[in-house]
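Take a look at the letters that make up each chain.
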Amino acid sequence: MQRVEHGGHRRGLQGGHSDTEPPTAVSFAPRPAAAPLPRMIAAQAGMELRVMLRNGEQLLLTMVIPVLLLIGFSLTSLVDVGSGSRVEFLTPGVLALAVLSTAFTGQAIGTGFERRYGVLKRLGATPLPRFGLVAAKTLAVLTVEVLQITLLCAVAVALGWSPRLSALGIATAVVLVLLATAAFAALGLLLAGTLRAEATLAAANLVYVVLLGLGGVVFPVTRFPTAVEPLLHALPITALTDGLRWALAGSQVGAGSPLPAVMVLAVWTVVATVLASRLFKWE
Amino acid sequence: MGTAAVEVENVVKRYGRAPATAAVDGLSFRAAHGAVTALLGPNGAGKTTTVEMCEGFRCADNGRLRVLGLDPVADAGALKPRVGVMPQSQSAGVPTGARAGEWLRLMAAFHHDPIPPQLLLERLGLRSVATTAFRRLSGGQQQRLSLAAAVIGRPELVFLDEPTAGLDPQARRAAWDLVAELRDAGVGVVLTTHHMDEAERLADHVVIIDRGRVVAAGTIDELTAPHQELRFRATPGLDTAGLMATLPDGCGVEEAPSGTYTVTAPAPATLVSTVSDWCADNGILPAELGVRRRTLEEVFLEMTGRELRDG
């Protein structure tokens, strides 16, 4: 009893003087245990998100270029988008490009260099399971996409965009973006997990530019020869663009269907995920 | 405490296609709980490969590995919270855009009861660079951050792969103090190094590795004690053969340079009295008679050879 009282008294005295303890006194006595999985995933997602938002080159691809394309091609007649409002045509395409830039290009380059610098290996030595890392990356990508979509929609509305929204249209758009994110991210990881970091950087940027040109983002697919048109529609970026055009404008007109777009994206998702999970090298 | 913290038995790891070269070639050692074990060897001896197999990064081709009684690959999920890892400096594994403090907080978030990151930053002299991006840290700061990350989860066992490479003398001492404190707190430490002074200073147990095999293992005393030598100076041209005859088998006597005599003995117990008796009997006054233990470096060079390694 006496000892307890004495101890309590001492603790009480020291309570007001906790600063006097040397700040560098650290107890290393082993007390290992992993944190709960949701906390690990949230912490990793936060890190991924901050690194993405701090990276200037990545912001150029994900925010600056889509916004400039939207403004530039809406206000000028550099590109013939056919009849109808320019911003009406451009907005779904630029939204698709934004998803591509974050889920594919950004993930491919980011993960490629993480692999090179041993980040994936180092994380592999922590209690965070691989599944948790993939979940964290997905959360970070979706968060950036929400920021991009908010920004681009605001710019588009300022440029006179007036989407004809419906519950079905919005639900379809969400499904399309989620599916496309999965497909693009799997393709990005396939690239990052098999090529050297520099090769991934070059290839991911090249694919971004090529898909920007071919995918109906700013140039209507109908401008290409009819022979290649079916091929272009089989690209994931075209499917996303087509689907979003329907979801954000056509769903009330009753013209067309988003189903082909959903099917194309689903096939890309399955194929890319299988390949990425088979071929991805962590080191 | 029946089992060791790390048990490695006849482990083999080969790289490349046929003819595959064995980076680790039938290697065995044990590292005790709460003790510092140094894997000492020249570059390319197989130290990092061995440590990475213990960390579960690589599968052994052959042999048996147990870390805290578990299989590093099959039981990786159970082991990871209990084992801290510091990779070699060129692969620290920090995203280049992450800030020092931010990254350490992330590592802390993976553990239930981590050491507060702020305390560790302070302890390792990194407080002033807590908001600096990893790529802007000096090599020594990156090393210290990596060391902090290895211990932040209050592990039972840490693997430190060349923990002091690239550190200045002050930082090196700080790292040594940290290792000693870990051991005193009951943490097992397995570190690789090719610095003799580091092994001599820190290690309870030294495992000398060369070409993928253990060439010697033991405490510093055990490794250096059998190789004592006695030196004295006297008039040149003494009858060394006569001295040799009074010594036990296995001893050697050498006069080099002239007037300086070196007696080496595998079992040193009576070396001093035997030599001084012989000198007294022969009317010789031995000057500067002294027994010297060979340093770890001499033992190491004898074990691993003196020639410069190619590659």
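Residues numbered from 1 in each chain as written. Chains lettered and ligands numbered in written order. Predicted model: local features only at pLDDT ≥ 70, side-chain atom pairs only at ≥ 80, totals over all residues.

Attention shifts here to the overall build of chain B. In terms of regular secondary structure, chain B is built from 11 helices and 13 strands. Along the first, second and third principal axes, the C-alpha atoms of chain B reach 75 × 45 × 40 Å. Of all 311 residues assigned to chain B, the portion counted as buried reaches 43%. Nonlocal contacts in chain B, meaning residues at least 24 apart in sequence, comprise 70% of its contacts between residues at least 6 apart. (Helix = DSSP H or I, 4+ residues; strand = E, 2+ residues; numbered from the N terminus. Buried ≥ 20, exposed ≤ 12 C-beta atoms within 10 Å, placed from the backbone. Contact = placed C-beta atoms within 7 Å.)

Its domain assignment divides chain B into domain 1 (6-223) and domain 2 (228-293). For domain 1 of chain B and domain 2 of chain B, the distance between their C-alpha centroids amounts to 44 Å. (Domains from an automatic or database assignment.)

Further remarks concern the sheet that holds strand S12 (residues 260-265) of chain B. Residues and elements named next belong to chain B. Overall, antiparallel pairing links the 4 strands, which are arranged S11-S12-S10-S13 in an open sheet. Each edge of the open sheet is held by one strand with a lone partner, namely strand S11 (252-255) and strand S13 (287-293). Along the sheet, successive strands turn relative to each other by an average axial angle of 15 degrees, direction set aside. Two strands pair when backbone bridges link them, and S11 and S12 are joined in this way by 4 bridges, in the antiparallel orientation. Bridging across to S12, Glu 255 finds its partner in Tyr 261. (Pairing = 2+ DSSP bridges. Axes fitted to C-alpha atoms, helices over the stretch in contact; angles between N-to-C directions.)

Looking at chain A as a whole, its pLDDT mean stands at 88, while 89% of the residues score no less than 70. Low pLDDT, under 50, characterises residues 1-23 of chain A; the stretch is placed with 2 contacts to residues that sit more than four places away or in other chains. (pLDDT = per-residue confidence, 0-100.)

Of note, Pro 225 of chain A is situated in the loop between helix H8 (197-214) and helix H9 (229-233). Among the residues examined, Pro 225 of chain A registers 7 C-beta atoms within 10 Å and is labelled exposed.

Another aspect to go through is the packing of helix H6 (residues 130-158) of chain A against helix H7 (residues 167-192) of chain A. Residue and element names in this part refer to chain A. Where H6 meets H7, the axes come as close as 11 Å, and the angle between the chain directions of the two elements is 125 degrees. As judged from the angle between their axes, H6 and H7 are oblique. Once H6 is placed against H7, the crossing between them reads as right-handed. Here H6 contributes Val 141, Leu 142 and Glu 145 to the contact with H7, which in turn contributes Val 177, Thr 181 and Ala 185. Residues of the contact of H6 with H7, tallied by class, amount to 4 nonpolar, 1 polar and 1 charged. (Parallel < 35°, antiparallel > 145°, perpendicular 65-115°, else oblique. Left-handed = near helix turned anticlockwise from the far one by under 90°. Nonpolar A, V, L, I, M, F, W, Y, C, P; charged D, E, K, R; others polar.)

Attention now moves to the interface of chain B and chain A. Facing 39 residues of chain B, the contacting portion of chain A comprises 31 residues. Within the residue set of the side of chain B that touches chain A, elements represented by two or more residues are helix H3 (100-109), helix H4 (117-123) and helix H6 (169-184) of chain B. Residue composition of the side of chain B that touches chain A, grouped by class: 20 nonpolar, 9 polar and 10 charged.

All right, on to the packing of helix H2 (residues 37-54) of chain A against H6 of chain A then. Residue and element names in this part refer to chain A. Running from amino to carboxyl end, H2 crosses H6 at an angle of 45 degrees, the nearest separation of the two axes being 8 Å. If you check the angle between H2 and H6, you find them oblique. Handedness of the crossing formed by H2 with H6: right-handed. Contact residues: Leu 37, Met 40, Ile 41, Gln 44, Ala 45, Glu 48, Leu 49 and Met 52 in H2; Gly 132, Leu 133, Ala 135, Ala 136, Lys 137, Leu 139, Ala 140, Thr 143 and Val 144 in H6. Tallied by class, the residues present in the contact of H2 with H6 amount to 12 nonpolar, 3 polar and 2 charged.

All names here are of chain A. Between its terminal C-alpha atoms H6 stretches 42 Å, which fits the 42 Å expected from 29 residues at 1.5 Å a residue. For H6, every residue scored as buried is listed here: Gly 132, Leu 133, Ala 136, Lys 137, Ala 140, Val 141, Val 144, Glu 145, Gln 148, Leu 152 and Ala 156. Among the structural elements, H2, helix H3 (56-75), helix H4 (86-116), helix H5 (119-124) and H7 are those in contact with the buried residues of H6. Directly beyond the C-terminal end of H6, a positive phi value near 105 degrees is found at Gly 160. (Expected span 1.5 Å × (residues − 1).)

For the rest of this paragraph, the subject is unusual backbone geometry. Residue and element names in this part refer to chain B. Backbone torsion omega between Ala 256 and Pro 257 reads -10 degrees, so that peptide bond is classified as cis. Positive phi, close to 50 degrees, is recorded for Leu 68, a residue that is not glycine. Locating Leu 68 in the fold gives a position in the loop between strand S4 (62-67) and helix H2 (76-79). Residue Arg 211 is not a glycine yet carries a positive backbone phi of 50 degrees. Note on Arg 211: 18 C-beta atoms within 10 Å, which makes it partly exposed.

Residue and element names in this part refer to chain B. Taken in spatial order, the 3 strands line up as S2-S1-S4 in an open sheet, and their pairing is antiparallel. Each having just a single partner strand, strand S2 (21-31) and S4 make up the two edges of the open sheet. Averaged over all pairs of adjacent strands, the angle between strand axes in this sheet comes to 25 degrees, irrespective of strand direction.

Residue and element names in this part refer to chain A. Taking 1.5 Å of rise per residue, 18 residues should cover 26 Å, and H8 covers 25 Å from first to last C-alpha, within 8% of that figure. Within H8, burial applies to Thr 200, Ala 204, Tyr 208, Leu 211 and Leu 212. Here the buried residues of H8 occupy an arc of 105 degrees about the axis, which is enough to place them on one side. Looking at H8, the residues exposed on the side facing more than 90 degrees away from the buried face are Glu 198, Leu 206, Val 209, Val 210 and Gly 213. The positive-phi residue at the C-terminal boundary of H8 is Gly 216, with phi of around 70 degrees. (Arc of directions from axis to C-beta.)

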